[in-house]
Amino acid sequence: MWGVRVPLLCVCAMTFLILECTDGYQWDAQTQHCKDINECETIPEACKGEMKCFNHYGGYLCLPRSASVIPAPDPPSQLPHSPSHGDSETFNSCPLGYELQGNNCVDVDECEQDTHDCQPSQECFNSPGGYTCQCPEGYRKVGTECIDIDECRYRYCQHRCVNVPGSFSCQCEPGFQVAGNNRSCVDVNECDMGAPCQQRCYNTYGTFHCRCDQGYELGPDGFACNDIDECSYSSYLCQYKCVNQPGKFSCACPEGYQQLGTRLCQDVNECETGSHQCAEGQTCVNLYGGYKCADTNRCQDPYVRVSDNRCMCPVSKPACRDLPFSVVHRYMSLTSDRAVPSDIFQIQATSIYPGAYNTFRVRSGDDGGDFYIRQINNIGAMLVLARTVTGPKEYVLDLEMVSVNPIISYQTSSVLRLSIFVGPYSF
């Protein structure tokens, strides 16, 4: 609050009038008024250092250069009030701020008559003999000027404070929002507000994270989920073939096999399941990955069939003199790329004669030397796979047992005709 000071001293004597302006004003002979002196222009270096000079009525202010000042309107001219013989107005004998009404001095409401010098943004409050000017909320009064209050200096906000003329606002870091008290910051649950996660969203304090379901991995953008091609990581996931699928993988088996568990393949025995196409008079032989239909009677002249898979060459036929006495047909199947050496088939003599010595050999069918015979004792031997064989491939081996009896000078032989089918796979 500031008071109203007398701007003019009047000393009247007969026809002479002496005029004097108050401090900060000077007499303007042209306008016949007291005019404010701009000290910021007339006084050299009125304000020192980083302070800035602001002129105001009857004086000046030194304020920081960052200060915000609401400009005040031009002050009303200070007029001399002196009665003269030519003045048509009635002489006011009341104190300043009052006016004569009849025989009484009544307070002048400068706010209602708009004769105050409050700034446009200020409120005028009338008081006996004067008035006061108050700054709006968010400003403080310095002299006759209203200076913005920097509320951010008082740390009202939890995160960030933004000062604006006459007020301030609080802002929050990303991932937070202003609470109901307009000052605190609370976490934003982005997952409930449409976070761009493709599959799973996990809210955390001030942010969120995207996660993917099993079988997917998070993309470079941190939002999208890309399928993991498990089959490209290892060739041992499946025994035969790995098939990638969205979010997972599966194992497939070749034709003639069925899945065992989730990753292994097992041969389908078509001969047992009855899914073969062998005709009457044929025997179904199961192979790895398939089957083969073999004729029941495979005896060729001069041999005659004596039982299933067994042929005999009668001694009564001259052609049988240099041929093995009997031929027995057998079938077996091998997987491809089997480890070697490997025992694959055991040969056992079915007839034993006293004093006879038996020897075993591969009579025919092993032109490449992929097999050999290891004799176990006088009545048995083992067929051994000597080299790694890759299928599909077929062998027909004649495994011969030669029996010699030196006591009676007798020699005979018999053959086991073994058909070996090597499958195309290692399982």
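- Where an unreviewed UniProt entry is consulted, the protein chain appears under the name EGF containing fibulin extracellular matrix protein 2a, with the organism given as Scleropages formosus.
- The Subcellular location (unreviewed entry) field of the UniProt record for the protein chain holds the comment "Secreted, Extracellular space, Extracellular matrix".
- Under the heading Sequence similarities (unreviewed entry), UniProt records this for the protein chain: "Belongs to the fibulin family."

**A few points about the overall build of the protein chain**
Step number 1: Across its full length, the protein chain holds 3 helices and 35 strands.
Step number 2: The 427 residues of the protein chain split such that 32% are buried.
Step number 3: Taking contacts inside the protein chain between residues at least 6 apart in sequence as the whole, the part at least 24 apart equals 36%.
Step number 4: Total accessible area on the protein chain is roughly 27000 Å²; 50% of this is exposed by carbon and sulfur atoms.

**Thoughts on the state of the cysteines**
What makes a disulfide is a covalent bond joining the sulfur atoms belonging to two cysteines.
Step number 1: Overall, the coordinates contain 20 disulfides when judged by the stated rule.
Step number 2: The disulfide partner of cysteine 94 is cysteine 105, and the gap between their sulfur atoms is 1.9 Å. What sets the handedness of the cysteine 94 and cysteine 105 disulfide is the S-S torsion sign, and at about -90° it is left-handed. Of this pair, cysteine 94 sits in the loop between strand S6 (59-64) and strand S7 (98-101) while cysteine 105 sits in strand S8 (residues 104-107), placing them 11 residues apart in sequence.
Step number 3: Taking the relative accessible area as the measure of exposure, cysteine 94 reaches 10% and is therefore buried.
Step number 4: The exposure class assigned to cysteine 105 is partly exposed, which follows from its relative accessible area of 38%.
Step number 5: Covalently, cysteine 278 is tied to cysteine 293 through a disulfide, its sulfur atoms 1.9 Å apart.

**Brief notes about the sheet that holds strand S28 (residues 310-312)**
Step number 1: Here we have 6 strands laid out as an open sheet, ordered S27-S28-S29-S35-S34-S31, and mixed in their pairing. Either end of the sheet is taken by a strand with one partner, and the two such strands are strand S27 (304-307) and strand S31 (357-364). The sheet shows a mean angle of 30° between the axes of neighbouring strands, taken without regard to direction.
Step number 2: In this sheet, strand S34 (residues 393-405) lies alongside S31 in antiparallel orientation, the contact comprising 7 bridges. In the strand pairing of S34, threonine 359 is matched with valine 402.

Here is what the cut-offs are and how they apply
- Residues numbered from 1 in each chain as written.
- Predicted model: local features only at pLDDT ≥ 70, side-chain atom pairs only at ≥ 80, totals over all residues.
- Heavy atoms only, no water.
- UniProt positions renumbered as here; feature names shortened; annotations may be inferred.
- Helix = DSSP H or I, 4+ residues; strand = E, 2+ residues; numbered from the N terminus.
- Buried < 20%, exposed > 50% of the residue type's maximum accessible area, 1.4 Å probe, protein only.
- Contact = heavy atoms within 4.5 Å.
- Areas by Shrake-Rupley, 256 points an atom, 1.4 Å probe, with all protein chains shown as cover.
- Disulfide = S-S within 2.5 Å.
- Pairing = 2+ DSSP bridges.
- Axes fitted to C-alpha atoms, helices over the stretch in contact; angles between N-to-C directions.

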